[in-house]
Amino acid sequence: MIGQVRQWLGAARHGAGLTGAGMSAESGVPTFRDGQTGLWAKFDPQQLATEEAFRANPAMVWDWYAFRREMVARVEPNAGHRALAAFAQRHPQRLTLITQNVDGLHQRAGSVGVLALHGNISEDKWLDAPNACCNPSLALPGSPPCCKGCGNMRRPAVVWFGEALPLQTLADAEAAAQECDLMLVVGTSGLVYPAAGLARIARGKVAIINPEPTELDSAADAVLRGKAAQLLPQLLED
Ligand SMILES: [Zn+2]
């Protein structure tokens, strides 16, 4: 089966990779719920990762993200992240990488132009639309940092529960799916929309790479059972 997918990849002019939480888990990034250790064990992530929670208690939510950022900083991209980055470097413009993960591991492995559907936990943005006074580099340090002119707060640049995905990123991901000759769907259960919908609108072949069955298997052209860190290097080497 892997030989077949390698053949499709070799013939593909445009490929797309869609990665999800399983890819991060292989690097040791704890899932949302498993990551609730120590002080945070009694808090429900679904109650913290919302705009409402941040406005009600910005210091607490900011500190929770600081804790999550530290967890992410302690792990390393795995061989699957590195294989995707190396392939894109050897074959510029042939692989568009779309991820549901916010940990930035693809970027740290060297992938450029990653379409991060749910944002990046290591980046911040303004909570409210910025005024002329709002300059990120001049924000007053704190939990969270804020604009000394108007008090606008910095917040993590991730998509919170109840928020829409970044429009342009989603449009770029849909265009990549509609153009691709082959989509590799890696480490995702296939349950999360609209990301999972990208696999369904893929123009070309769809290959699933996951240790367990996924919701997308029945619609896929190939299913490779296994870990990304083992299968992606085999699949993507020249
Ligand atoms: Zn301001």
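Check the entry above for the structure.
Residues numbered from 1 in each chain as written. Predicted model: local features only at pLDDT ≥ 70, side-chain atom pairs only at ≥ 80, totals over all residues. Heavy atoms only, no water.

Draft legend 1. Region of interest: the overall build of the protein chain. Across its full length, the protein chain carries ten helices and eight strands. Over its C-alpha trace the protein chain gives a radius of gyration of 19 Å, about what one expects of a compact globule, namely 18 Å for 238 residues. Taking the principal axes of the C-alpha coordinates as reference, the protein chain spans close to 60 × 40 × 30 Å. Looking at the protein chain as a whole, 48% of its 238 residues are labelled buried. Contacts in the protein chain between residues far apart in sequence, at least 24 positions, make up 65% of those at least 6 positions apart. As displayed, the protein chain has an accessible area near 11600 Å², and 53% of this comes from carbon and sulfur atoms. The protein chain carries 21 positive and 23 negative side-chain charges, and their two centres are separated by 3 Å. (Helix = DSSP H or I, 4+ residues; strand = E, 2+ residues; numbered from the N terminus. Rg over C-alpha atoms; globule rule 2.2 N^0.38 Å. Buried < 20%, exposed > 50% of the residue type's maximum accessible area, 1.4 Å probe, protein only. Contact = heavy atoms within 4.5 Å. Areas by Shrake-Rupley, 256 points an atom, 1.4 Å probe, with all protein chains shown as cover. Lys, Arg positive; Asp, Glu negative; His and termini not counted. Charge placed at Lys NZ, Arg CZ, Asp CG, Glu CD.)

Draft legend 2. Representation of the nonpolar core in the model. With 23 residues, the main nonpolar core has Val5, Leu182, Leu184, Leu232, Leu235 and Leu236 as its most contacted residues. Take this core: its biggest share by element is five residues, from helix H10 (residues 228-236). The contact partners of Val5, leaving out residues within four places of it in the chain, are Leu182, Leu184, Ala207, Ala222, Leu224 and Leu235. Core analysis: the second largest hydrophobic core is formed by 21 residues, Leu115, Leu117, Leu170 and Met183 among them. (Core = buried A, V, L, I, M, F, W, Y, C linked by side-chain atoms within 4.5 Å.)

Draft legend 3. Quick look at the state of the cysteines. Taken as a whole, this structure holds zero disulfides when the rule is applied. A disulfide-free cysteine, Cys146 has its sulfur positioned 7.5 Å from the sulfur of Cys147, the nearest such atom. (Disulfide = S-S within 2.5 Å.)

Draft legend 4. The coordination of the zinc ion, seen in detail. For the zinc ion, the full set of protein donor atoms is Cys133 (SG), Cys134 (SG), Cys147 (SG) and Cys150 (SG), at a range of 2.3 to 2.4 Å. Metal-centred angles of 97 to 123° between the four donor atoms at the zinc ion mark the site as tetrahedral. Between the donor residues of the zinc ion, the gaps in sequence give the motif C-C-x12-C-x2-C. Note that Cys133 is positioned in the loop between strand S4 (119-126) and strand S5 (154-158) and Cys150 in the loop between S4 and S5, a separation of 17 residues in sequence. (Donors = N, O, S within 2.8 Å, 3.2 Å for Na, K, Ca; no water. Tetrahedral: all angles 85-135°; square planar, octahedral: opposite > 155°, others 65-115°.)

Draft legend 5. Molecular detail of the pairing of strand S7 (residues 205-210). Along S7, five of the six residues are buried, which leaves the element largely enclosed by surrounding structure. The handedness of the strand S6 (residues 182-186) to S7 crossover, carried by helix H9 (residues 195-201), is right-handed. For S7 and strand S8 (residues 222-225), the ladder comprises four bridges, and the chain directions are parallel. Residue pairing in the sheet places Ile209 in a bridge with Leu224 of S8. (Right-handed = clockwise from strand over helix to strand, strands pointing away. Pairing = 2+ DSSP bridges.)

Draft legend 6. A look at helix H5 (residues 58-73). With 16 residues, H5 extends 22 Å from end C-alpha to end C-alpha; this agrees with the ideal 22 Å at 1.5 Å per step. Looking only at H5, the buried set comprises Pro58, Val61, Trp62, Trp64, Tyr65, Phe67, Arg68, Met71 and Val72. The secondary structure elements touched by the buried residues of H5 are helix H3 (45-48), helix H4 (51-56), helix H7 (105-109), S4 and S5. (Expected span 1.5 Å × (residues − 1).)

Draft legend 7. Fine view of the side chain of Asp217. Secondary-structure assignment places Asp217 in the loop between S7 and S8. In contact with Asp217, other than residues within four places in its own chain, are Ile208, Val223 and Arg225.

Draft legend 8. Up close: the packing of aromatic side chains. Tallying each qualifying case throughout the model produces four aromatic pairs. Measuring from centroid to centroid gives 5.4 Å for Trp40 and Phe43, while their planes differ by 55°, and the two rings are tilted. Of the residues examined, Phe43 reaches a relative accessible area of 27% and is grouped as partly exposed. Between Phe54 and Trp160, the ring centres sit 5.4 Å apart and the planes meet at 35°, which makes this aromatic pair tilted. Placement of the pair is Phe54 in helix H4 and Trp160 in the loop between S5 and helix H8 (167-179), with a sequence separation of 106 residues. The class for Trp160 is buried, based on a relative accessible area of 2%. Site record: aromatic cluster; members linked through ring pairs are Trp40, Phe43 and Phe67. (Phe/Tyr/Trp six-rings, centres within 6.5 Å; stacked < 30°, edge-to-face > 60°.)

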